[in-house]
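# A structural walkthrough
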Amino acid sequence: MNITERFLNYTTFDTQSAEESQSVPSTLKQLVFARYLKEELEREGLQEVEMDDKGYIYATLPSNIEADVPVIGFISHYDTSPDCSGADIKPRIVTDYDGQDIILSEGIVLSPSKFPELLGHVGEDLIVTDGHTLLGADDKAGIAEIVQAMVYLREHPEIKHGKIRVGFNPDEEIGMGAHYFDVEKFGCEWGYTMDGGDVGELEFENFNAASAKINIKGVSVHPGYAKGKMLNANALAAEFAEMLPVSERPETTEGYEGFYHLIGMQTNTEQGRLSYIIRDHDRQKFEERKLFVQHCADKMNEKYGEGTVSAVINDQYYNMREKIEPDNMHVVDLVLKAMEAAGVEPKVKPIRGGTDGAQLSFKGLPCPNIFAGGLNFHGPFEFVPVQSMQKAMEVVVKLCELTAMR
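First, a word on scope: everything that follows refers to the structure included in this document. All figures in this text were calculated on a predicted structure; none of them were measured in a lab. (Residues numbered from 1 in each chain as written. Predicted model: local features only at pLDDT ≥ 70, side-chain atom pairs only at ≥ 80, totals over all residues. Heavy atoms only, no water.)

### Some words on the sheet that holds strand β8 (residues 164–169)
What links the strands of a sheet is backbone hydrogen bonding, and the strands pair in either a parallel or an antiparallel sense. Spatial ordering of the open sheet is given by β1-β2-β8-β3-β9-β16-β10-β15, a layout of eight strands whose pairing is mixed. The sheet is open, and its two edges are formed by β1 (47–51) and β15 (347–348), each paired on a single side. Sitting on the sheet, helix α3 (residues 137–155) touches β2 (57–61), β3 (72–77), β8, β9 (190–196) and β16 (369–371), and the angle it makes with β3 is about 145°. Sitting on the sheet, helix α8 (residues 330–341) touches β9, β10 (201–203), β15 and β16, and the angle it makes with β9 is about 55°. (Pairing = 2+ DSSP bridges. Helix = DSSP H or I, 4+ residues; strand = E, 2+ residues; numbered from the N terminus. Contact = heavy atoms within 4.5 Å. Axes fitted to C-alpha atoms, helices over the stretch in contact; angles between N-to-C directions.)

### Re the packing of helix α5 (residues 233–243) against helix α6 (residues 283–304)
Direction vectors running N to C along α5 and α6 enclose 135°, while the axes themselves pass 10 Å from each other. The angle between α5 and α6 places the two elements in the oblique class. The crossing of α5 and α6 is right-handed. On α6, the residues touching Leu236, Glu239, Phe240 and Met243 of α5 are Phe292, Val293, Cys296, Ala297, Lys299, Met300, Lys303 and Tyr304. Considering only residue class, the contact of α5 with α6 consists of nine nonpolar, no polar and three charged. (Parallel < 35°, antiparallel > 145°, perpendicular 65-115°, else oblique. Left-handed = near helix turned anticlockwise from the far one by under 90°. Nonpolar A, V, L, I, M, F, W, Y, C, P; charged D, E, K, R; others polar.)

### Some points on the pattern of salt bridges
Summed over all chains, the structure comprises 26 salt bridges. Between Glu48 and Lys163 there is a salt bridge whose closest N-O contact spans 4.0 Å. Taken together, the residues Glu48 in strand β1 and Lys163 in the loop between α3 and β8 connect sequence positions 115 residues apart. For Lys163, a relative accessible area of 32% corresponds to the partly exposed category. A salt bridge links Lys303 to Glu239; the shortest N-O distance between them is 2.9 Å. Of this pair, Lys303 sits in helix α6 while Glu239 sits in helix α5, and the two are 64 residues apart along the sequence. (Salt bridge = Lys/Arg side-chain N within 4 Å of Asp/Glu carboxyl O. Buried < 20%, exposed > 50% of the residue type's maximum accessible area, 1.4 Å probe, protein only.)

### Let's talk about unusual backbone geometry
Here the residue pair Val24 and Pro25 is connected by a cis peptide bond, since its omega of -5° sits within 30 degrees of zero. Residue placement: Pro25 occurs in the loop between α1 (3–10) and α2 (29–43). The omega torsion across Glu325 and Pro326 is -5°, close enough to zero to call that bond cis. Looking at the element boundaries, Pro326 is found in the loop between α7 (321–324) and α8. Although it is not a glycine, Glu48 sits at a positive phi angle of roughly 50°.

Next up, the structure:
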């Protein structure tokens with residue numbers, strides 16, 4: 001099975017996670033794929049393959065050398081985003097892409113005029129959707145690359161490597177992927193998540209992240225007799241949203257600029273709930289953003305009465321740069337050498353998001369993020385070039401080889 005066949009097979013599984021769920025994993029359908037993936041690893045000859053009751057999968061490719069070398073690991077998540085359906089995905093391959101519009105379905109066009117990153121992959125073979133679901137390259141492309149690399153190393157014993165561990169987990173898309181990842185069981189000196197975007201991307205700094213749930217209590221009264229009595233939670237929700245600066249939303253920020261992102265809103269006259277995510281690379285600015293959200297809730301209570309608005313703010317993960325610099329930069333240097341050996345031009349940049357590697361780094365496993373090759377994640381215009389997946393797989397192989405030589 002080649003890497004394309006492996007990835008396309010993975011897309012047949014609906015593994016969408018659910019933010020409001022209290023179970024682990026957040027959706028039972030993730031376990032269906034997890035069981036399949038465990039069996040596949042066993043078929044491909046990996047050892048120490050196990051899956052716990054929460055769907056976390058661990059496996060080993062044994063060392064083929066006598067020398068004592070560092071144990072390293074590769075990690076990807078198998079859930080897909082709650083933002084777009086992951087059911088009944090219909091992928092197809094656009095061979096030798098010509099740089100023109102791609103008709104996904106009637107009236108749905110993947111165009112370089114809107115997605116100029118397409119033009120960086122002219123002449124390549126692009127796996128696209130039919131425009132009605134996401135593709136799932138985030139992060140099933142990463143899984144396919146890791147598994148394919150392990151198979152390649154097993155089939156090419158002339159490539160010397162130490163013990164390699166692989167780990168696959170649920171619920172990364174809702175910020176929970178690393179919460180139950182057993183770093184001690186994984187047993188690595190350092191690791192890499194294969195969860196980045198375009199070919200060459202390497203990331204070892206990410207947002208500090210928090211969630212904010214804003215709960216609003218209104219007073220519902222018949223509108224004909226509402227004067228001086230009604231407190232419309234719909235209007236209060238809109239008022240709260242307007243208190244956060246328009247210039248600090250995802251659609252108006254880039255680079256190291258942080259934001260407040262309204263990801264959900266459920267309101268009626270009597271009650272409302274707004275769900276936000278708060279992001280900033282700078283730890284001090286991150287703390288200030290959380291305080292500002294609380295300040296907005298306090299101002300609403302001053303205006304409408306104590307208890308009208310409450311804010312529940314919870315940290316999700318922090319910037320892994322704190323754990324990579326200065327003592328663990330060798331894990332980044334190895335990736336740069338592996339990319340050079342694989343003919344990939346590195347693109348080192350901050351993640352405008354997060355990966356499981358951020359939380360894992362704070363749990364004692366330094367874990368930068370390497371490209372998986374996909375673009376336009378979390379929506380129907382997602383695509384992944386076959387050649388990018390192949391290059392990612394080659395980088396994994398080179399990392400294993402270079403670590404043994406280190």
